[in-house]
Amino acid sequence: MPFMNPAAVDNPYFALGSMTKIAPGITGHLVDEGVKGVYIITFGSLKQGKGNTGRFIDELKKKYQIVRFPNIVNPIVEGMLLRRGFKRKREYVPALKAHANVYVWKK
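Residues numbered from 1 in each chain as written. Predicted model: local features only at pLDDT ≥ 70, side-chain atom pairs only at ≥ 80, totals over all residues. Heavy atoms only, no water.

Visitor: What is the right way to look at the layout of surface pockets in this model?
Guide: Gaps left between atoms are located by rolling a probe of water-molecule size over the structure's atoms. There is about 170 Å³ of room inside the second largest pocket. Lining the second largest pocket, in full, are Ile22, Ala23, Pro24, Leu30, Asn52, Arg55, Phe56, Glu59, Leu60, Lys63 and Tyr64. Those elements giving two or more residues to the lining of the second largest pocket turn out to be strand E1 (20-23) and helix H1 (52-63). Here the element with the most residues in the lining of the second largest pocket is H1; it accounts for six residues. Considering only residue class, the lining of the second largest pocket consists of seven nonpolar, one polar and three charged. (1 Å grid on protein atoms, 1.4 Å probe; cavity = no way out; pocket = protein on both sides within 12 Å on 5 of 7 lines; lining within 4 Å. Points joined across faces, edges and corners; volume = space filled by probe spheres on them. Helix = DSSP H or I, 4+ residues; strand = E, 2+ residues; numbered from the N terminus. Nonpolar A, V, L, I, M, F, W, Y, C, P; charged D, E, K, R; others polar.)

Visitor: What exactly am I supposed to notice about the packing of aromatic side chains here?
Guide: Here a ring pair, both rings aromatic, is described through the centre-centre distance and the interplanar angle of the planes. All chains considered together, the criterion is met by four aromatic pairs. Relative to phenylalanine 56, the ring of phenylalanine 43 lies with its centre 5.7 Å away and its plane at 45°, an arrangement referred to as tilted. Separated by 13 residues along the polypeptide, phenylalanine 43 in strand E3 (residues 38-45) and phenylalanine 56 in helix H1 bring together distant segments of the chain. Plain terms: the ring middles of phenylalanine 69 and phenylalanine 86 are 5.7 Å apart, the flat faces sit at 70° to each other, and that makes the pair edge-to-face. Note that phenylalanine 69 is positioned in strand E4 (residues 66-70) and phenylalanine 86 in the loop between helix H2 (75-83) and strand E5 (87-93), a separation of 17 residues in sequence. When its relative accessible area of 0% is taken as the criterion, phenylalanine 69 is described as buried. By relative accessible area, which is 1% here, phenylalanine 86 ends up buried. (Phe/Tyr/Trp six-rings, centres within 6.5 Å; stacked < 30°, edge-to-face > 60°. Buried < 20%, exposed > 50% of the residue type's maximum accessible area, 1.4 Å probe, protein only.)

So, in structure tokens, the structure goes:
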């Protein structure tokens, strides 16, 4: 059995096959909390190496005051976030109902 993050157990955001299109070339789950910002619970690029993920992150920074990516496990995505000014913090994620490592960017 593959490793399953405890925050993902019985969580509808991690149901395989249920991700929807949230940006051009990107599927996933985005939780908009208004002035509190946006959580990108999970996401994936439809075609790797086409710049979809970088454009997606840049557009989020333009649109929202606060952007949060919880539970990043891909070192390439982690590097992209760090280069764009995101800071890693431990915080409670309401959508996951658990504490998680979260990459946070604030305007």
